[in-house]
Amino acid sequence: RAHIRFDEVGKEYPDGTVAVAGLDLDVAQHELLTLVGPSGSGKSTLLRMVNRLVEPTSGRVLVDGDDVAGVDEVRLRRGMGYVIQHVGLFPHRTVAENVATVPRLLRWDRRRTRDRVAELLSLVHLDPELHGPRYPHELSGGQRQRVGVARALATHPAIMLMDEPFGAVDPEGRRSLQTEFRRIHDDLGTTVLLVTHDIDEAVLLGDRVAVFSQGGNLEQLATPATLLSR
Ligand code: ADP
Ligand code: ADP
């Protein structure tokens, strides 16, 4: 778990905009695939078709062989973490409570939730009990994104969908977050789709890099080493 296949996937919005055009793409389990390309090249749309925030107008998205269109949306999203550029934290809940959001919805018992939250906060190098901020407003942008990553990982999702997750973090903080996220991915073995417009980030983080152009066309799909040697 979990392999993702885009099978001739297309998305045309009602106004006629073609966001994704006839995409065939396989993402191996445990792969970290980065999606890079100019603004408007369909990267976000592509990501959102995996968790059904957007429905394709042609083709199918398969997770472990099952068309996501036939999977209950709640069950589908439970198995996937989703991190966007500005993660929305609950301002009146502590950092730990924010990370515990989904375990609580799932009624994990208190001890299991507490242990998991502690584990996650240390994974993303943020331990509010020992030092530092307790509430979202006390956090820097980079710390907020760390909390967002921790929250998304809380229930051991097999898939992480990340849309410019480090885009709003200042340049110094961004590099350390990128490196740490790469380490976290190596440890957890989650399948990751990560959208960025930063080619350096795409090359640094990706096992493979998918390069998109306007109209949602996949121009290149290559390992960082191959891309860099061109
Ligand atoms: P990217 O993530 O690469 O910036 P998007 O997937 O956000 O690309 O957008 C791809 C294209 O689809 C763009 O032309 C964008 O304006 C358009 N688009 C995105 N969302 C919608 C929508 N809800 N309705 C109409 N057009 C949209
Ligand atoms: P804006 O009008 O740009 O959203 P805000 O004052 O709401 O300005 O937010 C300033 C910064 O704090 C933004 O980068 C935003 O992403 C972040 N931010 C605000 N609220 C939250 C929240 N609840 N969770 C995470 N980040 C937040």
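Each value, and the rule that gives it
- Residues numbered from 1 in each chain as written.
- Chains lettered and ligands numbered in written order.
- Predicted model: local features only at pLDDT ≥ 70, side-chain atom pairs only at ≥ 80, totals over all residues.
- Heavy atoms only, no water.
- Near = heavy atom within 4 Å.
- Polar contact = N/O pair within 3.5 Å; in protein donor to acceptor, adjacent residues only side chain to side chain.
- Areas by Shrake-Rupley, 256 points an atom, 1.4 Å probe, with all protein chains shown as cover.
- Nonpolar A, V, L, I, M, F, W, Y, C, P; charged D, E, K, R; others polar.
- Helix = DSSP H or I, 4+ residues; strand = E, 2+ residues; numbered from the N terminus.
- Core = buried A, V, L, I, M, F, W, Y, C linked by side-chain atoms within 4.5 Å.
- Buried < 20%, exposed > 50% of the residue type's maximum accessible area, 1.4 Å probe, protein only.
- Contact = heavy atoms within 4.5 Å.

A look at the site of ligand 2
Around ligand 2, the neighbouring residues are His-86, Val-87, Gly-88, Leu-89 and Arg-144. One of the backbone nitrogen or oxygen atoms of Leu-89 is found 2.8 Å away from a nitrogen atom of ligand 2. Between ligand 2 and Arg-144 there is a distance of 2.9 Å, counted from an oxygen atom to a side-chain nitrogen or oxygen. The fraction of the free accessible surface of ligand 2 (530 Å²) that becomes covered by protein chains is 38%. Grouping the amino acids of the shell around ligand 2 by side-chain chemistry returns two nonpolar, two polar and one charged.

Thoughts on the site of ligand 1
Every residue lining ligand 1 is accounted for by Tyr-13, Asp-15, Thr-17, Ala-19, Pro-38, Ser-39, Gly-40, Ser-41, Gly-42, Lys-43, Ser-44 and Thr-45. Here Gly-40 contributes a backbone N or O atom positioned 2.7 Å from an oxygen atom of ligand 1. Between an oxygen atom of ligand 1 and a side-chain N or O atom of Lys-43, the distance comes to 2.7 Å. Alone, ligand 1 offers 560 Å² of accessible surface; in the complex the protein occludes 61% of this. With three residues, helix H1 (residues 43-50) is the largest single contributor of residues to the shell around ligand 1.

With respect to the nonpolar core
Ranked by internal contacts, the top residues of the largest apolar core, which has 31 residues, are Val-149, Met-160, Met-162, Phe-181 and Leu-194. Going through the elements one at a time, helix H3 (95-99), helix H5 (110-123), helix H6 (141-153), strand E7 (159-163), helix H7 (171-188) and strand E8 (191-196) are the ones with two or more residues in this core. Per-element tally for this core: the top contributor is H6, with five residues. Each residue touching Met-162, except ones within four places of it in the same chain, is listed here: Leu-47, Val-83, Val-149, Phe-181, Val-192, Leu-193, Leu-194 and Val-195. The next biggest cluster of nonpolar side chains, apart from the first, holds 29 residues, and it includes Phe-6, Val-9, Leu-25 and Val-195.

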